[in-house]
Amino acid sequence: AQTVTQSQPEMSVQEAETVTLSCTYDTSENNYYLFWYKQPPSRQMILVIRQEAYKQQNATENRFSVNFQKAAKSFSLKISDSQLGDTAMYFCAFTNAGNMLTFGGGTRLMVKP
Amino acid sequence: SAVISQKPSRDICQRGTSLTIQCQVDSQVTMMFWYRQQPGQSLTLIATANQGSEATYESGFVIDKFPISRPNLTFSTLTVSNMSPEDSSIYLCSVGSSGGAYNEQFFGPGTRLTVL
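Since we're looking at a predicted model, the values are computed, not measured. (Residues numbered from 1 in each chain as written. Chains lettered and ligands numbered in written order. Predicted model: local features only at pLDDT ≥ 70, side-chain atom pairs only at ≥ 80, totals over all residues. Heavy atoms only, no water.)

Caption draft 1: A look at the pairing of strand S5 (residues 43-50) of chain B. Residue and element names in this part refer to chain B. With 6 of its 8 residues buried, S5 lies for the most part within the structure. Relative to S5, strand S4 (residues 31-37) runs antiparallel, the two being bridged by 7 bridges. If you follow tyrosine 35 over to S5, its bridge partner there is leucine 45. Direction of pairing for S5 relative to strand S6 (residues 56-57): antiparallel, over a ladder of 2 bridges. Looking across to S6, one finds that threonine 48 is bridged to threonine 56. Adjacent in sequence and paired antiparallel, S5 and S6 are bridged by 5 residues, among which glycine 52 carries a positive phi angle near 85°. (Buried < 20%, exposed > 50% of the residue type's maximum accessible area, 1.4 Å probe, protein only. Helix = DSSP H or I, 4+ residues; strand = E, 2+ residues; numbered from the N terminus. Pairing = 2+ DSSP bridges.)

So, in structure tokens, the structure goes:
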């Protein structure tokens, strides 16, 4: 069974600065997909960024980028130029097939003005 | 991405009663999922709702407690039966991307359930 671990229950960052959220996972699969989801207080789950395991190039979406280290089974999220609207729970998630997602425990991010 | 709605958005229920949550998608999708998110916790998959067949339940979840219907490719319901305060959670439905390269899921806005 796959597991996803987020070791930082809570983090904070000053507005306009950069923050990195950690995620590690465990799998015996070679081909899989990784995601970061954001859940603001509205509780809507929003897909932030995604990465295919066979792609070596790290995914980037505007201010959001990942550092994907396949050998280390690490998938961290970097948020640049943090904004107040980035305040939310962030979940790392894994899937290898069939759309079944395994979620990490989440990291609560607070962006301070 | 699909647009997903859920009804109700929130409810407060009495112990021993049942609540049915509806999930509507604006396009036909093959795979629909139901998740539970207990207070301050991550998401846990309850079941996969299959059109035309019985739902597939994850370990720890049973059909008698969480019956699911999937009458067509755009709609599903989850019933939380014989509720207790431990059932107080956010319940979310999601859909898998149809033929998408990333196997991602898109989520509804969730239903916040409080059981007294």
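After that view of the structure, there is still more to cover.
Caption draft 2: The interface of chain A and chain B, seen in detail. Taken together, the 21 residues of chain A in the interface contact 26 residues of chain B. Carbon and sulfur atoms make up 50% of the area that chain A and chain B hide from each other, which totals about 2000 Å². At the junction of chain A with chain B, the criterion picks out 1 salt bridge. Where chain A packs against chain B, one counts 9 residue pairs in polar contact (both at pLDDT 80 or more). For the side of chain A that touches chain B, the secondary structure elements donating two or more residues are strand S5 (33-39), strand S6 (46-52) and strand S10 (88-95) of chain A. The biggest single contributor to the side of chain A that touches chain B is S5(A), with 4 residues. When grouped by side-chain class, the residues that make up the side of chain A that touches chain B number 9 nonpolar, 8 polar and 4 charged. (Contact = heavy atoms within 4.5 Å. Buried area = accessible area lost by both parts, 1.4 Å probe. Salt bridge = Lys/Arg side-chain N within 4 Å of Asp/Glu carboxyl O. Polar contact = N/O pair within 3.5 Å; in protein donor to acceptor, adjacent residues only side chain to side chain. Nonpolar A, V, L, I, M, F, W, Y, C, P; charged D, E, K, R; others polar.)

Caption draft 3: Up close: the sheet that holds strand S1 (residues 4-7) of chain B. Residues and elements named next belong to chain B. A sheet is described by the order of its strands in space; here 4 strands give the open sequence S1-S3-S8-S7, paired in antiparallel fashion. The strands lining the two open edges of the sheet, one partner per strand, are S1 and strand S7 (68-72). Looking at each pair of strands side by side, their axes are set apart by 15° on average, direction ignored. Here S7 runs beside strand S8 (residues 75-80); their pairing, made up of 3 bridges, is antiparallel. Note that in S8 the partner of serine 69 across the bridge is threonine 77. (Axes fitted to C-alpha atoms, helices over the stretch in contact; angles between N-to-C directions.)

Caption draft 4: Examining the environment of Gly106(A) more closely. Residue position: Gly106(A) is located in the loop between strand S11 (102-103) and strand S12 (107-112). Each residue touching Gly106(A), except ones within four places of it in the same chain, is listed here: Gln6(A), Gln8(A), Pro9(A), Met89(A), Tyr90(A) and Phe91(A).

Caption draft 5: Representation of the pairing of strand S8 (residues 64-69) of chain A within the structure. Residues and elements named next belong to chain A. Bridge analysis of strand S7 (residues 60-61) against S8 gives 2 bridges, and the strand direction is antiparallel. Note on S8: the bridge partner recorded for glutamate 61 is phenylalanine 64. Hairpin remark: S7 followed by S8, antiparallel, with 2 residues in the connecting loop; positive phi at asparagine 62, about 55°. Here S8 hands over to strand S9 (residues 74-79) after 4 residues, with lysine 73 in that stretch at a positive phi of 55°.

Caption draft 6: Layout of the pattern of salt bridges. Per the counting criterion, the structure on display carries 5 salt bridges over all chains. Here Lys73(A) makes a salt bridge to Asp26(A), at a shortest N to O gap of 3.6 Å. Here Asp26(A) lies in strand S4 (residues 24-26) and Lys73(A) lies in the loop between S8 and S9, a separation of 47 residues in the sequence. Taking the relative accessible area as the measure of exposure, Asp26(A) reaches 41% and is therefore partly exposed. A salt bridge links Glu104(B) to Arg50(A); the shortest N-O distance between them is 3.0 Å. Taken together, the residues span two chains, with Glu104(B) in the loop between strand S9 (89-96) and strand S10 (105-107) and Arg50(A) in strand S6.

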